[in-house]
Amino acid sequence: MNGSAAEGAARISARLRELYAVSDDPGGLTRLTLSPSHKRAVDLVSRWMQEAGLATRLDPTGTVVGRREGPNASAKTLLIGSHIDSVRNGGMFDGPLGVVLAIEVLRRLGNLGRKLPFAVEVLAFGDEEGVRFPTALTGSRAAAGTFDPAALDSRDAAGVSRRDALTAFGCDPAWIAAEARDPARTLGYLEVHIEQGPVLETRGLPLGVVTAINGASRGEIVIKGVAGHSGTIPMHMRHDAAAAGAQALLAIEDVGRSFEDLVATVGRFDIPNGAVNVVPGAARLSVDVRSPSDRDRALALKAIRTRVQAIAQQRGVTADLAITYDMPAAPCDPALMQRFERAFARQGYEPFRLPSGAGHDAMAFRGRIPIAMLFVRCRGGVSHRPDEFASDADIACALAVMEDYVETFAARA
Ligand code: GLV
Ligand code: MN
Ligand code: MN
């Protein structure tokens, strides 16, 4: 029995709830890359893939790959994926929706005994958020053939290298290069994701087709001042690293406001060894800059560097900005987007296009393998929060469109 899209959506949301409970934080969802909860999620998702008739393996970056073979060895492969890592105290839908929905599409096609003229791989990436290490997208970049081995030397806050974390996870980084998919043998990469913004809800639409994913830079500013006794050092003799950091934060916000469609965020501000009675001797700030224009993003980073140096000089501290992650904007493939629009129309939904302000695994395939993304409306545009929500009705729309997409792709391939 295959059942309706509504039954499929109910299965998807039940599985999303099950996955939401797989967390390293008993009070909410925290599933950072290569953590114990990521391992449990890998096991659960592998089981669901196997039940859907897929052959599973864990790749050398910690991605679960579920493969359904094509009719013969020369058949090309369609990739469908998203991620199963989360931010700290995140929501149920960011990432897992795309993975669980893809598994459901293949489960249903398998139950119907549908043969496809190509192979399909469902990819459950484990490093999209980039919260644990200063680098990200290692799984999707490995599949795209753009993995940078320097990411293996990046370290988390506890000093553990990605190389060691991968090895402890049961992965062998020596084989990462072999994950690169051959563009000549790959039909494309599709990803379903919640919008994480308010546009679809404002328009009263359940789904949208993504036009492009904004480029992003991430980095860290380390400020070094002079620590001292908070009771004895007169104000005019201080070199307070946290005060300089606060001023840098406001300068970064100001730069973000000065470019159209660009956003700049300090999401973390640490005062190492901070105490109530100590003038801060050091501060660390994360920096995240995104834009649809790679040129504007480069100009904004330059402006941030200049402003932060001026603040440092004025306060007699040092400030270093190191960029740890840099992804150019990724346009979606016009032909794959059109296929989405035709599937929308056949399923009775209004085709609507919008850009993605959030980053996605899809962007790793830029310039290598054509990408397309389907966005699903989320309540209040809320994401990266426990109250992130997409309704079963909207998930059913996405399931119907994706099923139609894959079957139609098969008919025309
Ligand atoms: C991931 O959600 C990102 O856009 O940072
Ligand atoms: Mn995501
Ligand atoms: Mn996210």
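Residues numbered from 1 in each chain as written. Chains lettered and ligands numbered in written order. Predicted model: local features only at pLDDT ≥ 70, side-chain atom pairs only at ≥ 80, totals over all residues. Heavy atoms only, no water.

(A) Representation of the overall build of the chain within the structure. When its secondary structure is counted, the chain shows 10 helices and 16 strands. For the chain, the C-alpha radius of gyration of 23 Å lies close to 22 Å, the compact-globule estimate for 413 residues. Of all intrachain contacts in the chain linking residues separated by at least 6 positions in sequence, the fraction that spans at least 24 positions is 79%. Approximately 17100 Å² of the chain is accessible, and the part contributed by carbon and sulfur atoms is 53%. Distance between charge centres in the chain, computed from 47 positive and 48 negative side chains, equals 2 Å. (Helix = DSSP H or I, 4+ residues; strand = E, 2+ residues; numbered from the N terminus. Rg over C-alpha atoms; globule rule 2.2 N^0.38 Å. Contact = heavy atoms within 4.5 Å. Areas by Shrake-Rupley, 256 points an atom, 1.4 Å probe, with all protein chains shown as cover. Lys, Arg positive; Asp, Glu negative; His and termini not counted. Charge placed at Lys NZ, Arg CZ, Asp CG, Glu CD.)

(B) Region of the structure containing the coordination of the manganese ion (ligand 3). Looking at the metal site, the manganese ion (ligand 3) is ligated by Asp 94 (OD), Glu 129 (OE), Glu 129 (OE) and His 384 (NE2), spaced 2.0 to 2.5 Å from it. Going along the chain, you hit the donors of the manganese ion (ligand 3) in the pattern D-x34-E-x254-H. Separating the manganese ion (ligand 3) from the manganese ion (ligand 2) is a gap of 3.5 Å, bridged by Asp 94, which donates to each. Highlighted residues: Glu 129 in the loop between strand 4 (119-125) and helix 4 (138-144) and His 384 in the loop between strand 16 (371-376) and helix 10 (392-412), separated in sequence by 255 residues. (Donors = N, O, S within 2.8 Å, 3.2 Å for Na, K, Ca; no water.)

(C) Region of interest: the site of ligand 1. With respect to spatial proximity, the complete set of residues near ligand 1 consists of Glu 128, Glu 129, Arg 218, Arg 290, Ala 358, Gly 359 and His 384. The contact in question runs from an oxygen atom of ligand 1 to an N or O atom on the side chain of Glu 129, over 3.0 Å. Here an oxygen atom of ligand 1 and a side-chain polar atom of His 384 are 3.1 Å apart. Expressed as a share of its isolated accessible area of 190 Å², the protein-covered part of ligand 1 is 95%. A per-class count over the shell around ligand 1 returns one nonpolar, two polar and four charged. (Near = heavy atom within 4 Å. Polar contact = N/O pair within 3.5 Å; in protein donor to acceptor, adjacent residues only side chain to side chain. Nonpolar A, V, L, I, M, F, W, Y, C, P; charged D, E, K, R; others polar.)

(D) The arrangement of the packing of helix 1 (residues 5-20) against helix 2 (residues 36-51) in detail. Here helix 1 crosses helix 2 at 155 degrees, and the two axes come no closer than 10 Å. Taken together, the axes of helix 1 and helix 2 lie roughly antiparallel to each other. Where helix 1 crosses over helix 2, the two elements pack in a sense that is right-handed. Counting all contacts with helix 1, which are made through Arg 15, Glu 18 and Leu 19, the residues of helix 2 involved are Ala 41, Leu 44, Val 45, Arg 47, Trp 48 and Glu 51. Broken down by class, the residue content of the contact of helix 1 with helix 2 amounts to five nonpolar, no polar and four charged. (Axes fitted to C-alpha atoms, helices over the stretch in contact; angles between N-to-C directions. Parallel < 35°, antiparallel > 145°, perpendicular 65-115°, else oblique. Left-handed = near helix turned anticlockwise from the far one by under 90°.)

(E) Examining the coordination of the manganese ion (ligand 2) more closely. Coordination of the manganese ion (ligand 2) by the protein is provided by His 83 (NE2), Asp 94 (OD) and His 193 (NE2), with metal-donor distances spanning 2.0 to 2.3 Å. Coordination of the manganese ion (ligand 2) draws on donor residues from a single chain, spaced H-x10-D-x98-H in sequence.

(F) A look at the domain arrangement of the chain. Split by domain assignment, the chain resolves into domain 1 (3-213 + 329-412) and domain 2 (215-327). With centres defined by C-alpha atoms, the gap from domain 1 to domain 2 works out at 33 Å. Summed over both sides, the interface between domain 1 and domain 2 buries roughly 840 Å², with carbon and sulfur atoms accounting for 50% of that surface. Among the residues of domain 1 in contact with domain 2, Pro 134, Ala 329 and Met 363 are the three that bury the most area, contributing 47% of the side total. Seen at the junction of domain 1 and domain 2, the total is zero salt bridges. Linking domain 1 with domain 2 are four residue pairs in polar contact (both at pLDDT 80 or more), by the criterion used here. (Domains from an automatic or database assignment. Buried area = accessible area lost by both parts, 1.4 Å probe. Salt bridge = Lys/Arg side-chain N within 4 Å of Asp/Glu carboxyl O.)

(G) Up close: the nonpolar core. Formed by 98 residues in total, the largest nonpolar core has its most connected members in Leu 101 and Phe 340. By residue number, the principal contributor to this core is helix 10, which donates 11 residues. Two domains share this core, each providing at least three of its residues, namely domain 1 (3-213 + 329-412) and domain 2 (215-327). Ignoring any residue separated from it by four or fewer positions in sequence, one finds Leu 101 in contact with Ile 12, Pro 96, Val 192, Ile 395, Ala 398, Leu 399 and Met 402. Core analysis: the second largest hydrophobic core is formed by 25 residues, Ala 251, Ile 304, Ile 311 and Ala 319 among them. (Core = buried A, V, L, I, M, F, W, Y, C linked by side-chain atoms within 4.5 Å. Buried < 20%, exposed > 50% of the residue type's maximum accessible area, 1.4 Å probe, protein only.)

(H) Inspection of unusual backbone geometry at higher detail. The backbone phi angle of Asn 89 is positive, close to 55 degrees, even though this residue is not glycine. Note that Asn 89 resides in the loop between strand 3 (77-83) and helix 3 (96-111). Its identity as a non-glycine residue notwithstanding, Leu 137 has a phi of 65 degrees, on the positive side. Looking at the element boundaries, Leu 137 is found in the loop between strand 4 and helix 4.

(I) Here's a closer look at the pairing of strand 5 (residues 186-194). Within strand 5, eight of the nine residues are buried, which leaves the element mostly enclosed by the surrounding structure. Judged from the four bridges that link them, strand 3 and strand 5 form a sheet pairing that is parallel. Across the sheet, residue Thr 77 finds its bridge partner in strand 5, namely Thr 186. Inspection of the sheet shows strand 5 paired to strand 16 by six bridges, in the parallel sense. Pairing of Ile 194 across the sheet is with Val 376, part of strand 16. (Pairing = 2+ DSSP bridges.)

(J) Representation of the pattern of salt bridges in the model. Counted under the stated rule, the structure contains 29 salt bridges. For Arg 162, the salt bridge is made with Asp 127, and the minimal N-O distance between the two is 3.1 Å. Note that Arg 162 is positioned in helix 5 (residues 162-168) and Asp 127 in the loop between strand 4 and helix 4, a separation of 35 residues in sequence. Both residues of the pair, Arg 162 and Asp 127, belong to the buried class. Close ionic contact of Arg 353 with Glu 341 constitutes a salt bridge, the shortest N to O distance being 2.6 Å. Of this pair, Arg 353 sits in strand 15 (residues 353-356) while Glu 341 sits in helix 9 (residues 334-346), and the two are 12 residues apart along the sequence. Taken together, the salt bridges that share partners define one network made up of Arg 57, Arg 67, Glu 69, Glu 121, Glu 179 and Arg 181.

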